[in-house]
Amino acid sequence: MTTIIKNGTIVTASDTVQADVLIDGEQVALIGRDLQADDAEVIDATGKLLLPGGIDVHTHLDLPFGGTIASDDFLTGHRAAAFGATTCHIDFVIQPMGGTLHEGVEEWHKKAEGKASIDYGFHIAITDLRDDVMEEIPTMIDEGITSLKLFMAYKGLFQIDDTTLFRAMLRAAEHGMLIMVHAENGDVIAELTKKLLNEGKTDTKYHAAAHPAMAEAEATGRAVALSGITGAPLYVVHMTCEEAVEQLALGRAKGFPVMGETCTQYMFVFEEHLALPNYEGAKYVCSPPVRKRKDAPVLWKALADNTLQAVSTDHCPFWFEGGKEGRIPGKELGRESFHQVPNGMPGIEDRMPVMWHHGVNMGRYSANRFVEITSTNPAKIFGLYPRKGTIAVGADADIVIWDPEKEHTISAKTHHMNTDYNVYEGMTVRGWPERVLLRGKTIVDGDAWLGQPGTGQFLKRSPGAEVL
Ligand code: URP
Ligand code: ZN
Ligand code: ZN
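Residues numbered from 1 in each chain as written. Chains lettered and ligands numbered in written order. Predicted model: local features only at pLDDT ≥ 70, side-chain atom pairs only at ≥ 80, totals over all residues. Heavy atoms only, no water.

### Looking at the packing of aromatic side chains
Part 1 of the reasoning: Evaluation of the coordinates by the stated rule reveals 19 aromatic pairs.
Part 2 of the reasoning: Following the ring pairs from residue to residue traces out a cluster consisting of Phe65, Phe151, Tyr154 and Phe158.
Part 3 of the reasoning: Over the face of the ring belonging to Trp108 we find Lys111, whose NZ or CZ atom lies 4.6 Å from the ring centre.
Part 4 of the reasoning: Lying over the aromatic face of Phe92, Lys149 brings its terminal NZ or CZ to 3.9 Å of the ring centre. (Phe/Tyr/Trp six-rings, centres within 6.5 Å; stacked < 30°, edge-to-face > 60°. Lys NZ or Arg CZ within 6 Å of the ring centre and 35° of its normal.)

### Section: helix H12 (residues 367–381)
Part 1 of the reasoning: In a regular helix each residue adds 1.5 Å, so 15 residues correspond to 21 Å; H12 covers 20 Å between its end C-alpha atoms and thus fits that length.
Part 2 of the reasoning: Its maximal kink placed at Ile373, H12 deviates by approximately 50°.
Part 3 of the reasoning: Along H12, 13 of the 15 residues are buried, which leaves the element largely enclosed by surrounding structure.
Part 4 of the reasoning: Gly383 sits one or two residues past H12 and shows a positive phi near 70°. (Helix = DSSP H or I, 4+ residues; strand = E, 2+ residues; numbered from the N terminus. Expected span 1.5 Å × (residues − 1). Bend = angle between axes of the 7 residues up to and from the residue. Buried < 20%, exposed > 50% of the residue type's maximum accessible area, 1.4 Å probe, protein only.)

### What to know about the coordination of the zinc ion (ligand 2)
Part 1 of the reasoning: Summarising the metal site, the zinc ion (ligand 2) is bound by the protein donors His182 (ND1) and His238 (NE2), whose distances to it range over 2.1 Å.
Part 2 of the reasoning: Here the zinc ion (ligand 2) is ringed by four donor atoms whose angles at the metal span 56 to 152°, and the overall shape comes out irregular.
Part 3 of the reasoning: Between the zinc ion (ligand 2) and the zinc ion (ligand 3) there is a metal-metal distance of 3.8 Å. Taken as a pair, His182 in strand E14 (residues 178–182) and His238 in the loop between strand E15 (234–236) and helix H8 (242–253) lie far apart in primary sequence, 56 residues in all. (Donors = N, O, S within 2.8 Å, 3.2 Å for Na, K, Ca; no water. Tetrahedral: all angles 85-135°; square planar, octahedral: opposite > 155°, others 65-115°.)

### Quick word on the sheet that holds strand E20 (residues 441–445)
Part 1 of the reasoning: In space, the seven strands of this open sheet follow the order E3-E2-E7-E18-E19-E20-E21, with mixed pairing throughout. Each edge of the sheet is formed by a strand with only one pairing partner; in this case those strands are strand E3 (16–18) and strand E21 (448–449).
Part 2 of the reasoning: The sheet contact formed by E20 and E21 spans two bridges and is antiparallel. The residue bridging Asp445 from the neighbouring strand is Ala448, located in E21.
Part 3 of the reasoning: Helix-sheet contacts for helix H11 (residues 351–361) involve strand E7 (49–52), strand E18 (399–409) and strand E19 (428–438), and the interaxial angle to E19 is about 130°. (Pairing = 2+ DSSP bridges. Contact = heavy atoms within 4.5 Å. Axes fitted to C-alpha atoms, helices over the stretch in contact; angles between N-to-C directions.)

### Some remarks on the site of ligand 1
Part 1 of the reasoning: Around ligand 1, 13 residues are found, and the nearest of them are Tyr154, His182, Ser287, Asp314 and Asn343.
Part 2 of the reasoning: Within the backbone of Ser287, a nitrogen or oxygen atom sits 2.8 Å from an oxygen atom of ligand 1.
Part 3 of the reasoning: For ligand 1, whose unbound accessible area comes to 270 Å², protein coverage reaches 100%.
Part 4 of the reasoning: The pocket occupied by ligand 1, as judged from atoms lying within 2 Å of grid points, is the largest cavity.
Part 5 of the reasoning: Along the lines of polarity and charge, the residues of the shell around ligand 1 split into five nonpolar, seven polar and one charged. (Near = heavy atom within 4 Å. Polar contact = N/O pair within 3.5 Å; in protein donor to acceptor, adjacent residues only side chain to side chain. Areas by Shrake-Rupley, 256 points an atom, 1.4 Å probe, with all protein chains shown as cover. 1 Å grid on protein atoms, 1.4 Å probe; cavity = no way out; pocket = protein on both sides within 12 Å on 5 of 7 lines; lining within 4 Å. Sits in = over half its atoms within 2 Å of the grid points. Nonpolar A, V, L, I, M, F, W, Y, C, P; charged D, E, K, R; others polar.)

### Digging into the packing of H11 against H12
Part 1 of the reasoning: Close contact between H11 and H12 brings their axes to 10 Å; oriented N to C, the two are set at 145°. For the pair H11 and H12, the crossing hand works out as right-handed. Contacts between H11 and H12 involve Arg351, Met352, Met355, Trp356 and Val360 from the first element and Ala367, Phe370, Ile373 and Thr374 from the second.
Part 2 of the reasoning: Counted by class, the contact of H11 with H12 contains seven nonpolar, one polar and one charged residues. (Left-handed = near helix turned anticlockwise from the far one by under 90°.)

### Some remarks on the side chain of Arg291
Part 1 of the reasoning: Structurally, the position occupied by Arg291 is in the loop between helix H9 (271–274) and helix H10 (295–304).
Part 2 of the reasoning: There is a polar contact of 2.6 Å between the side chain of Arg291 and the backbone oxygen of His211.
Part 3 of the reasoning: If we skip the residues at most four places from it in the chain, Arg291 touches Glu184, His211, Pro212, Ala213, Glu216, Thr240, Cys241, Val269, Phe270 and Glu271.

### Some points on the domain arrangement of the chain
Part 1 of the reasoning: Per the domain assignment, the segments of the chain are domain 1 (2–51 + 387–449) and domain 2 (55–361).
Part 2 of the reasoning: Computed over C-alpha atoms, the centres of domain 1 and domain 2 are 28 Å apart.
Part 3 of the reasoning: The interface of domain 1 with domain 2 comprises 37 residues on the first partner and 42 residues on the second.
Part 4 of the reasoning: Each partner contributes to the roughly 3300 Å² buried at the junction of domain 1 and domain 2, and carbon and sulfur atoms together form 67% of this total.
Part 5 of the reasoning: Looking at the side of domain 1 facing domain 2, the largest losses of area belong to His416, Tyr421 and Tyr424, adding up to 22% of the total buried there.
Part 6 of the reasoning: For the pair domain 1 and domain 2, the number of links is three salt bridges.
Part 7 of the reasoning: In this structure, the connection of domain 1 to domain 2 is made through 14 residue pairs in polar contact (both at pLDDT 80 or more).
Part 8 of the reasoning: Elements that contribute at least two residues to the side of domain 1 that touches domain 2 include exactly E7, E18, E19, E20 and E21.
Part 9 of the reasoning: Here the element with the most residues in the side of domain 1 that touches domain 2 is E19; it accounts for nine residues. (Domains from an automatic or database assignment. Buried area = accessible area lost by both parts, 1.4 Å probe. Salt bridge = Lys/Arg side-chain N within 4 Å of Asp/Glu carboxyl O.)

What follows is the structure in structure tokens.
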């Protein structure tokens, strides 16, 4: 099948050019002026931008967590992602306690089987680093999994100690794998949580008090230092605040191979949301928590000046009113106390439009930088480039036909995520995906869903992450 997208303006991380794109099968075959091909389907993109499909490297689909399961699986999550211009994501496999990494990977492949309709990869989260698991780490490369995640928080569940982190880093450095950390001091959080509960402080607003910014900064600084000692490339996930960004910047200034991301919600949701009455605060409980308003400009600046390399979502949705009408349990599980609220927020569908509107339209960064932090850098850091992350000859034709003038008001009434609330409810954005192609096939056309469950491909990624 041949397709020509005519008269659009291609935006990549480096260039903005008016040109036609010829797609032969699943890849871009030619970029040029006035392209013609017999029998080609022609898509007219006059007045539209052509962006590489978004890549969200931090998602949790179908994750058992917080006494329930994240409410989007690979079916609903992929459809929602595509409606929001994201054509590829990387999800976190969790090593089962006492089990092997391969067992976790097998379980995640099963979750995606027959459901996937965009392309996807896996990171592996290590929860139990026994000697046999140390040996198993490099075998993940054969599985196409080249990034190892370690949680420095969630004591008694996922949290690892410094020995484990250090050993994993040494192993990663040896094999060209990338270390990712959830950087919060889990011991401090556990003690503060106990103290708050003893004082009868159970409201959702105390979630922020239990997770101070300095506990994130301390863990970030620790991971950065260990990366400096071991030489293991480090990617700090979901960075939220000035104090933590300072630690990353310090490591980068020293020449350590350290990078970081923030997530869309940290620029729009703040501590005061956790204090909303009628348990509404539970909608915004995630870890690390939403911070102070003063942190948002720091994150925007860090995204613009490359202190942070990417923006992802940490998509980990739960129903606000779950456990009824056929819904699995959700946020209502924490009504008794903040520490029992399932941690996480929806957002896989919202990242691209929200980051475009508030980033590009508001003059915080260029359209090229938008492409870089939402697609190109994720592809480069996680071993997918140049197959993914750009519009170039030979790349997968994951192309978003973006209408920079179209306005849309975000709402749970119209979104496709499997949740009953939207963090950006009522926000009007300008810039919207008109049509989304995955490997040359249209999967979203306006409001129509044309994707096919089972056609999303698992992406084997290469080791040797680029440090940007
Ligand atoms: O609250 C969050 N972030 N939930 C998902 C798990 C994690 O820590 O990324
Ligand atoms: Zn996390
Ligand atoms: Zn996460």
